[in-house]
Amino acid sequence: MADLSLKRQLEEKIITTTKGKPEEETSTAVISGPVLKKIKIEDKNGSITAVNEHSEPNDDANVNGKTTETNSRTKVKGMALVKLEYLIDIALNKSSNPTENDDAAEVHGKDNRDNGGSKKSKNKKQKGQNKERKFGSWGDAIKLCNTRAHHSEFSPAVCNFGANCKMGHDLREYLESGKRRDLDTFGGNCPVWEAHGRCHDGWKCRFVGSHSKEIEHEDGRKELVLTEDPTRITETSGEDERTGVFNIVGTDEKLALSKRRMKLEKSEKYFSWLEKDSKEMEKIYHKRKETAGDGRELKEENRAQFIDPPLLPSEKRRIYFNAQTPVLAPLTTQGNLPFRRMCVEFGAQVTYSEMAFAMPLVQGQKNDWALLKAHATEISPPRVPSTIVKGYDNSKDLKFGAQIESNQVMPAMKATEALTALVPHLRVVDLNCGCPIDVICKDGGGSALLDSHSKLEKMVRGMNIVSQDIPITVKIRMGTKDSKPTANQLIERMAFGGLQCRDRLGAPGCAAITLHGRSKQQRYTKDANWEYIAQCAALVKSYNEKKNDLADTIREPDARTQANTPNGNMYFIGNGDCYSHVQYLDNIQNSGVDSIMIARGALVKPWIFEEIEKGDYIDKSATERLSYIEKFARYGLEAWGSDEMGVGLTRRFLLEWLSFAHRYVPVGILDHLPPSLQDRPPAYRSRDDLETLLASENYIDWIKISEMFLGPAHKDFTFVPKHKSNAYEAPDYEAEG
């Protein structure tokens, strides 16, 4: 069915912009490729050729186990070195297509996942981001009452609203005119029913014809009934009706949070002490400035004035990072459950939720709590070597962690306490200190914490106090300014604590730090600074010796205040621009990090985890890549439902992924390896029509790809691309009514 649909889409895809092709290849009906990036590049002899970046060409490279020859062409920074036989129209004018702004790849901008509508101008190429993105609305013409949605026609549940119910109760009317016709994708069979033996959307399912039938009773009446396959049903494979989904927080718990009926006593008790302690510290600071004399006497006098904290952190579960545990970064919007599930299948060993805001979590807002859902594959232990560190129990470990953002100590603590109480399957709770978006930083969150070391230390200490046995980690950047990296100072503070606290309270208890090799000012421009990451990695490794030089060595530090490794060291993970197994292994070996977190590289090429595992480049065919899109669609329907709402959400997030996936340039047509995430290709000819379609920068083509598996879009569905450049010269798109 997918092949027939693909053929139909390709036959319909006619464009008129063919002047970029050589004259002998130009025709009136051509498959659209990527927006052509036209350049003129000359080699040392003055001959026109395609060139590229900062390193010498590799010797013969290994792709899919085969040796591919490279030549002596050099590489220009920012331009992928495509093989000569695939280049087209090397012209004098450079493309005006800007490099995409990737701020929203790892950070939380505005992300309305529900409704809205938007019109956009045509026939003009724009730059930058679409900041006010809306996605229309989609739903059934008649809203079927839930008392009818999951029951046979003659045996509905009792509707508590009775005659006052505003929902539909006539099942046959709903099926005839209240919902769109069934989809014929996936062979007309419901992917959810095929996977789990039942469909949780009942009559609302867009494939309901595949799991329903009409039966005739003895009295001649005909009844519509839903069908199930008992052999496929596993009652215990999930925590709610969505089979295989875990970390479900119920409505009662979220309501208790919103009504402040859920007591977060540890956070309140510790924060009350923290406020008093901070005031005492402030008095001492001013006293030191005013008093001259023996500092030792003043120190002893001050020590007696402090009150010990009312709570101590619990012993934490041991975690483990090494070269065999590549990490999928927390990715806002794109890092959803279906995408993470697919990356785990490719070989990702650690995953994170999308970034959730601490205050909405404390307030019980369902959108942020929904981000904590994990698939069954994510709650299994990561793959680790048989011989590992002492004290680590792999059977108690798992892949999935939560990331939160906060600009204040109290919300961070309360959110952590609520998380660890309500979400049973968490590896770590990670605090985001790297988000560079202004809307977050101006309120003191994200990267703004990089200039507030004392506040950040208090956050980590407090989170560590209330997190039960779940470790606390942080993700940071080099600093806020390009010229003033401060990560080295912050790492030391996370390892030992501030000078005023380490003697009394010990270390904050940070289990791991992830360092993104860019500053807040850089956002996602320029290359990540792996030299600085290496310097910080060396600093982390020196802390074993430095611990012996602390001012107060009379007593052994409390193990509960240390990082959760046998020797008290933190794990250190690098992040930035990893796009191949070569870069991954090179940075592991030369930078001294324990593991590497992969973000945009996984969005463009999710099989990067497979390449890391196999240690080889993998030249995925267009057919294979299309099968991953089909897999995402299946997983999306399982996660969000196969009704109209679920299909719309699956389409929306599939399009979000395609906004990154279209940038992939097949390694089989490259003359320079390893590829760079920052490179953009010149105008090139794909190896087949499907590969051309998958490389299209036009979001209209992404919608057409989504229709191969999700059918025509709802008439009220709209999609505004994240990058304005992806929407230029896009004709009006008419969805099915």
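What counts, and at which threshold
- Within every chain, residues take consecutive numbers counted from 1 along the sequence as written.
- This being a predicted model, a pLDDT of at least 70 is required before a residue's local features are given, and a value of 80 or more before pairs of side-chain atoms are given or counted; all residues contribute to the totals for chains, interfaces and linings.
- Processing note: side-chain calculations cover all non-hydrogen atoms of the structure and skip hydrogens and water entirely.
- Helix and strand definitions here come from DSSP, where helices need a minimum of 4 consecutive H or I residues and strands a minimum of 2 consecutive E residues; each element is numbered from the N-terminal end.
- Relative accessible area decides the class of each residue, using a 1.4 Å probe on protein chains only: under 20% of the type maximum gives buried, over 50% gives exposed, and in between gives partly exposed.
- Whether two residues are in contact is decided by their heavy atoms, any of which lying within 4.5 Å being enough.
- All accessible-area figures derive from a Shrake-Rupley calculation using a 1.4 Å probe, and residue coverage is judged against the displayed protein chains alone.
- By convention, a stacked pair of Phe, Tyr or Trp rings (six-membered ring in the case of Trp) has centres within 6.5 Å and planes under 30 degrees apart, an edge-to-face pair has planes over 60 apart, and any other such pair is tilted.
- By definition here, a helix of n residues has an expected span of 1.5 Å times n minus one.
- By convention a nonpolar core is built from buried Ala, Val, Leu, Ile, Met, Phe, Trp, Tyr and Cys residues, the set being connected through side-chain atoms within 4.5 Å.
- Every case where a carboxyl oxygen of Asp or Glu lies within 4 Å of a side-chain nitrogen of Lys or Arg is listed as a salt bridge.
- Here the rule is simple: two strands pair whenever DSSP picks up at least two bridges between them.
- Every crossover in which the path from the first strand over the helix to the second runs clockwise, viewed with the strands pointing away from the viewer, is termed right-handed.
- The quantity called pLDDT is the predictor's confidence in a given residue, expressed from 0 to 100.
- Distance and chemistry together define a polar contact, namely a pair of N or O atoms within 3.5 Å, with one atom able to donate a hydrogen and the other to accept it when in protein, and with adjacent residues in sequence counting only for side-chain atoms on both sides.

Attention now goes to the overall build of the chain. Of regular secondary structure, the chain possesses 24 helices and 15 strands. Looking at the chain residue by residue over its 737 residues, the buried ones come to 56%. A fraction of 75% describes how many contacts in the chain between residues 6 or more apart in sequence connect residues 24 or more apart. Counting only carbon and sulfur atoms, one obtains 47% of the accessible surface of the chain, whose full area is about 32,700 Å².

This part takes up the packing of aromatic side chains. The geometry of two aromatic rings is summed up by the distance between their centres and the angle between their planes. Counted under the stated rule, the structure contains 14 aromatic pairs. Between the aromatic rings of Trp 138 and Phe 717, the centroid separation amounts to 5.4 Å while the plane-to-plane angle is 55°, which identifies the pairing as tilted. Of this pair, Trp 138 sits in the loop between strand S2 (66–68) and helix H2 (146–149) while Phe 717 sits in the segment after helix H24 (699–710), and the two are 579 residues apart along the sequence. As far as burial versus exposure is concerned, Trp 138 and Phe 717 are alike and both buried. Their ring planes at 45° and their centres at 5.2 Å tell us that Tyr 270 and Trp 273 sit as a pair that is tilted. Here Trp 273 and Tyr 270 lie together in helix H6 (residues 265–290), a separation of three residues that amounts to about one turn. Of the two residues, Tyr 270 and Trp 273, both sit in the buried class.

Glancing now at helix H11 (residues 409–422). Compared with an ideal rise of 1.5 Å per residue, which puts 14 residues at 20 Å, H11 spans 20 Å between its outermost C-alpha atoms and is within 8% of the ideal. In terms of burial, H11 is largely enclosed, as 13 of its 14 residues are buried.

Turning our eyes to something else, we now look at the nonpolar core. Grouped together as the largest cluster of nonpolar side chains are 163 residues, with contacts concentrated most on Leu 419, Ile 476 and Phe 572. Looking at this core, the element that brings in the most residues is helix H22 (residues 644–661), giving nine residues. Leaving out residues up to four positions away in the same chain, Leu 419 has contacts with Leu 361, Trp 369, Leu 372, Ala 402, Ile 404, Leu 426 and Val 429.

What follows covers the pattern of salt bridges. Close approach of charged atoms allows side chains with opposite charge to pair. Here the structure, examined in full by the defined rule, presents 31 salt bridges. Close ionic contact of Asp 229 with Arg 232 constitutes a salt bridge, the shortest N to O distance being 2.9 Å. Linked through salt bridges whose partners overlap, the residues forming this network are Glu 153, Arg 172 and Glu 214.

Right, let's talk about unusual backbone geometry for a bit. With an omega of 5°, the peptide bond between Leu 673 and Pro 674 qualifies as cis. Along the chain, Pro 674 falls in the loop between H22 and helix H23 (689–694). Its identity is not glycine, yet Arg 523 carries a phi of approximately 55°, on the positive side. Among the structural elements, Arg 523 can be located in the loop between strand S13 (510–516) and helix H16 (530–541). By relative accessible area, which is 23% here, Arg 523 ends up partly exposed. Residue Asp 577 is not a glycine yet carries a positive backbone phi of 70°.

With that out of the way, let us pick up the pairing of strand S15 (residues 595–598). Side-chain alternation along S15 places Ser 595 and Met 597 on one buried face and Ile 596 and Ile 598 on a second face that is also buried. The sheet contact formed by strand S6 (residues 327–328) and S15 spans two bridges and is parallel. Among the inter-strand pairings, Leu 328 is bridged to a residue of S15, identified as Ile 598. Sheet analysis places strand S14 (residues 571–575) next to S15, joined by three bridges and oriented parallel. Note that in S15 the partner of Gly 574 across the bridge is Ile 596. In this fold, S14 hands off to helix H18 (residues 581–591), which returns the chain to S15; that crossover is right-handed.

What follows deals with the side chain of Thr 473. Relative to the helices and strands, Thr 473 is located in strand S12 (residues 472–477). For Thr 473, a relative accessible area of 2% translates into the label buried. Beyond its immediate stretch of four places on either side in the chain, Thr 473 contacts Val 428, Val 429, Asp 430, Leu 431, Cys 510, Ala 511 and Ala 512.

A separate point is the confidence of the model for the chain. Scored by pLDDT, the chain comes out at a mean of 82, with 74% of its residues at no less than 70. The model gives residues 106–124 a pLDDT under 50, and that stretch makes 58 contacts with residues more than four places away or in other chains. Here residues 728–737 is modelled with pLDDT under 50, and outside its nearest four sequence neighbours on either side it reaches 29 contacts, counting other chains as well.

Turning to H18, its buried residues number three or more, namely His 581, Gln 583, Tyr 584, Asn 587, Ile 588 and Ser 591. Looking at the buried residues of H18, the elements they touch are H16, S15 and helix H20 (608–614). A positive backbone phi angle near 80° is found at Gly 592, which sits one or two residues after H18.

Before going further, it helps to spend a moment on the side chain of His 453. Secondary-structure assignment places His 453 in helix H13 (residues 453–466). Within the structure, His 453 has its side chain in polar contact with the backbone oxygen of Leu 450 (distance 2.9 Å). Residues within four places of His 453 in sequence aside, it is in contact with Thr 486, Gln 489, Leu 490 and Arg 493.

Quick look at the environment of Glu 354 now. Along the polypeptide, Glu 354 turns up in the loop between strand S7 (351–352) and strand S8 (356–357). Each C-alpha atom of the pair Glu 354 and Ile 404 lies 8.4 Å from the other, and the pair is 50 residues apart in sequence. A polar atom in the side chain of Glu 354 sits 2.7 Å from the backbone nitrogen of Thr 333.

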